[in-house]
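Listed here are the chains, written in short residue letters.
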Amino acid sequence: MPRYSITTFGCQMNVHDSERMHDVLRRAGYTEAGGPEEADVLVLNTCSVREKAEQKLRSEVGRLARWKRERADRVLVVAGCVAQQEGERLLKQMRAIDVVVGPDNIPELPGLLGDLSLGGLPIARTVFDLDAPRFLVASPSPSPASRVAPTAFVTVMKGCDERCSFCIVPYTRGPERYRPSDDIVAEIAALVAAGTREVTLLGQTVNSYSDPLGALPRAPGASADDPDESAFAALLRRIAADVPGLARLRYTSPHPRHLTPSLVLAHAELAVLPRHVHMPVQSGSDRVLRRMIRRYTRAEYVARTRALVEAVPGLTLSTDIIVGFPGETEDDFAATLSLVREVGFKGLFGFKYSRRPHTPALKLPDDVSEDVKGERLARLFEESEALLAAHLSGLVGTTQEVLVEGRDKERGHGGVGGALWSGRTGRHEIAHIEGAGELDLLGEVVEVSIARANKHSLQAELTEAARAAVRPRQRGGVEPGRPARRSLPVVAAEGG
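Residues numbered from 1 in each chain as written. Predicted model: local features only at pLDDT ≥ 70, side-chain atom pairs only at ≥ 80, totals over all residues. Heavy atoms only, no water.

**Here's the deal with the overall build of the chain**
- Secondary structure summary: the chain contains 15 helices and 20 strands in total.
- Relative to the globule expectation of 23 Å for 496 residues, the C-alpha radius of gyration of the chain, 23 Å, shows essentially globular dimensions.
- Projecting the C-alpha coordinates of the chain onto the three principal axes gives extents of approximately 65 × 60 × 50 Å.
- The 496 residues of the chain split such that 56% are buried.
- Nonlocal contacts in the chain, meaning residues at least 24 apart in sequence, comprise 74% of its contacts between residues at least 6 apart.
- For the chain, the exposed area adds up to about 20,400 Å²; of that, 52% sits on carbon and sulfur atoms.
- In the chain, 64 positive and 65 negative side-chain charges are present, and the distance between their average locations comes to 3 Å. (Helix = DSSP H or I, 4+ residues; strand = E, 2+ residues; numbered from the N terminus. Rg over C-alpha atoms; globule rule 2.2 N^0.38 Å. Buried < 20%, exposed > 50% of the residue type's maximum accessible area, 1.4 Å probe, protein only. Contact = heavy atoms within 4.5 Å. Areas by Shrake-Rupley, 256 points an atom, 1.4 Å probe, with all protein chains shown as cover. Lys, Arg positive; Asp, Glu negative; His and termini not counted. Charge placed at Lys NZ, Arg CZ, Asp CG, Glu CD.)

See below:
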């Protein structure tokens, strides 16, 4: 049986695409290799949102030249956004590459590999499925010796109709295409039946969702006159009603324009929605937001997120921010820092602006030096770290509910001996659970007492009630914390 390996660069959408490539290859008769060195087919699933990830691809392909020379029948596939962006140019520039496949062409991958094995030439397939959008569906297959991961991604839309001047996504993912709500609910129901506890809905602007079949009623609080309104709140309500066994329902990445009253009301009324939302802002300066073509002001962002926090007490926010955008002055950056303090973000992804092909911002001079970008990014992280530290310290001594995602891979948190299990609270804080090695916690939502705060996480212990409610670990079978579903190597998980 041919063996394959997948290495993933980029965001959650790329991780999800890699999961679906695994399903497609497995159904075609391929088996997963123990690592790239054992593979007959190696897939590099790429990101082009940041220049850094694109450079990693080129470096990785150069490093794999020796891997290719060791066996003439080995196949190197480049998938994802760089594949879509560059297409056949990759085949010409890097002769080690055999197949280039865009995100919409993943179902064709086994056929492309088959043609190659029969003597076909290297090929690029990067065609958007505009007329008949295809959405790859998870195919969980639980058995007594196989445990499905407790968390899963489900795509509700792809592409983007926004035209943010810094962003390459509309070019690499195409215009917005939406998945029927019936299909979304059916996939989530199948995942939950197989043992999944938490689902994250994915989309480039996930909360702009519209049901292509019009099967969703207007959500409570939705206004027909609001141009920013969508069917997303109605979709959340249908999932909550039709899949009651789902413990948590998250989504990423939303756009602030579509944080409408109907979505705020859904958060206030649906217990399945955790008390955390990631809401990209990119800048706190109105002048920079206009140059970014973000289509909202600082005041509008603050008003919408404040309405959400007031409707859901204890809800936390995280965000994405770009520093050093063309023309950003020290005053503009100071406005960003003040926004971070005003909103009180409990986490952020910060990036230095980098010029991307096919983006409107290429018309603007990249006039902020790399040194200034680096200094501003360091100051941004310093502000963010202080807010997070204060937040985590304030949770010490409290009781929280944690969805246990698996075995803790790290040791020595905060100078203390390692924890065995780790997961996330409803507000998305990472929690490491100590003293539970004899218990099987995978996929459980357990009550914990927060003992200490680390730099980016919490140290916790099971409450007595939680300890009494969970079962001891079974000897043999699947190792606890290691679901039978594959664990794909992720090279860089960067927000968009």
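**What about the packing of helix α10 (residues 261–269) against helix α12 (residues 298–311)?**
- At a closest axis distance of 9 Å, the pairing of α10 and α12 adopts a crossing angle of 20°. Considered as vectors, α10 and α12 are oriented roughly parallel to each other. Viewed along their axes, α10 and α12 form a crossing whose handedness is right-handed. Every residue of α12 that contacts α10 at Val264, His267 and Ala268 is listed here: Ala307, Leu308 and Ala311.
- Partitioned by chemical class, the residues of the contact of α10 with α12 number five nonpolar, one polar and no charged. (Axes fitted to C-alpha atoms, helices over the stretch in contact; angles between N-to-C directions. Parallel < 35°, antiparallel > 145°, perpendicular 65-115°, else oblique. Left-handed = near helix turned anticlockwise from the far one by under 90°. Nonpolar A, V, L, I, M, F, W, Y, C, P; charged D, E, K, R; others polar.)

**Focus: the sheet that holds strand β11 (residues 248–252)**
- Taken in spatial order, the three strands line up as β7-β10-β11 in an open sheet, and their pairing is parallel. The open sheet terminates on both sides in strands that have one partner only, identified here as β7 (151–155) and β11. Averaged over all neighbouring strand pairs, the angle between strand axes comes to 25°, with direction disregarded.
- Where strand β10 (residues 198–202) and β11 come together, five bridges link them in parallel fashion. Note on β11: the bridge partner recorded for leucine 201 is tyrosine 251. (Pairing = 2+ DSSP bridges.)

**Brief notes about the environment of alanine 271**
- By the secondary structure assignment, alanine 271 is in the loop between α10 and β12 (276–278).
- Judged by its relative accessible area of 78%, alanine 271 falls in the exposed class.
- Each C-alpha atom of the pair alanine 271 and alanine 240 lies 8.5 Å from the other, and the pair is 31 residues apart in sequence.

**So, empty space enclosed by the protein**
- Inspection of every chain in the model, using the stated rule, returns one cavity of 30 Å³ or more.
- Reported here for the largest cavity is a volume of approximately 150 Å³.
- No other element matches the four residues that helix α1 (residues 12–27) contributes to the lining of the largest cavity.
- Of the residues contributing to the lining of the largest cavity, the split by class is six nonpolar, two polar and six charged. (1 Å grid on protein atoms, 1.4 Å probe; cavity = no way out; pocket = protein on both sides within 12 Å on 5 of 7 lines; lining within 4 Å. Points joined across faces, edges and corners; volume = space filled by probe spheres on them.)

**Comments concerning the pairing of β11**
- Of all five residues in β11, five are buried, a share of seventy percent or more.
- The alternating pattern of β11 places Arg248, Arg250 and Thr252 and Leu249 and Tyr251 on opposite faces, both of which are buried.
- The β-α-β motif built from β10, the intervening helix α9 (residues 232–242) and the parallel element β11 has right-handed crossover chirality. (Right-handed = clockwise from strand over helix to strand, strands pointing away.)

**Focus on the layout of surface pockets**
- In this structure, the second largest pocket encloses a volume near 220 Å³.
- As for the second largest pocket, its lining consists of 13 residues, of which Arg248, Pro274, Arg275, Glu401 and Gly426 are closest to the centre.
- Residues belonging to the lining of the second largest pocket are distributed by class as follows: six nonpolar, three polar and four charged.

**Here's the deal with the packing of aromatic side chains**
- A full pass over the atoms with the stated rule returns five aromatic pairs.
- Between tyrosine 296 and tyrosine 301, the ring centres sit 6.1 Å apart and the planes meet at 35°, which makes this aromatic pair tilted.
- Judged by centre distance (6.3 Å) and plane angle (55°), the ring pair of tyrosine 301 and phenylalanine 345 falls under tilted. You can see tyrosine 301 sitting in helix α12 and its partner phenylalanine 345 sitting in the loop between α13 (330–343) and β14 (348–352), a full 44 residues away along the chain.
- Taken together, the aromatic side chains of Tyr296, Tyr301 and Phe345 make up a single cluster linked through ring pairs. (Phe/Tyr/Trp six-rings, centres within 6.5 Å; stacked < 30°, edge-to-face > 60°.)

**Points about the sheet that holds strand β16 (residues 421–425)**
- Read around the barrel, five strands follow the order β15-β16-β17-β19-β18 and close on themselves; strand pairing throughout is mixed. Sheet twist, expressed as the mean angle between neighbouring strand axes with direction ignored, is 50°.
- Direction of pairing for strand β15 (residues 399–407) relative to β16: antiparallel, over a ladder of five bridges. Note that in β16 the partner of glycine 406 across the bridge is serine 422.

**Comments concerning the nonpolar core**
- Counting 56 residues, the largest nonpolar core has Ile188 and Leu201 as its most contacted members.
- At six residues, α9 tops the list of elements feeding residues into this core.
- Not counting residues up to four positions away in its chain, the partners in contact with leucine 201 are Val154, Val156, Ile188, Val206, Phe232, Leu235, Leu236, Ile239, Leu249, Arg250, Tyr251 and Thr252.
- Ala33, Val61, Met94 and Ile97 belong to the second largest nonpolar core, which has 33 residues in total. (Core = buried A, V, L, I, M, F, W, Y, C linked by side-chain atoms within 4.5 Å.)

**Some remarks on the packing of helix α8 (residues 181–194) against α9**
- At a minimum axis separation of 10 Å, α8 and α9 run at an interaxial angle of 40°. Here α8 lies oblique to α9, going by the angle between them. Our pair here, α8 against α9, has a crossing hand that is right-handed. Mapping the contact onto sequence places Ser181, Asp182, Ile184, Val185 and Ile188 in α8 and Leu235, Arg238, Ile239 and Asp242 in α9.

**Some words on the environment of proline 175**
- Within the secondary structure, proline 175 is located in the loop between α7 (169–173) and β9 (177–178).
- Overall, the relative accessible area of 33% leaves proline 175 in the partly exposed class.
- Along the backbone, proline 175 and leucine 130 are 45 residues apart, and their C-alpha atoms lie at a distance of 8.1 Å.
- Those residues in contact with proline 175 that sit more than four places away from it in its chain are Leu130, Lys158, Gly159, Cys160 and Asp161.

**Regarding unusual backbone geometry**
- Following threonine 252, the chain continues into serine 253 via a peptide bond in cis, with omega recorded as -10°.
- You can see serine 253 is positioned in the loop between β11 and α10.
- In this structure, glutamine 282 takes a positive phi of about 75° despite not being glycine.
- Examined against the element boundaries, glutamine 282 turns out to sit in the loop between β12 and α11 (286–292).
- Classification of glutamine 282 by relative accessible area gives buried; the value is 2%.
- One non-glycine residue, isoleucine 293, adopts positive backbone phi at about 60°.

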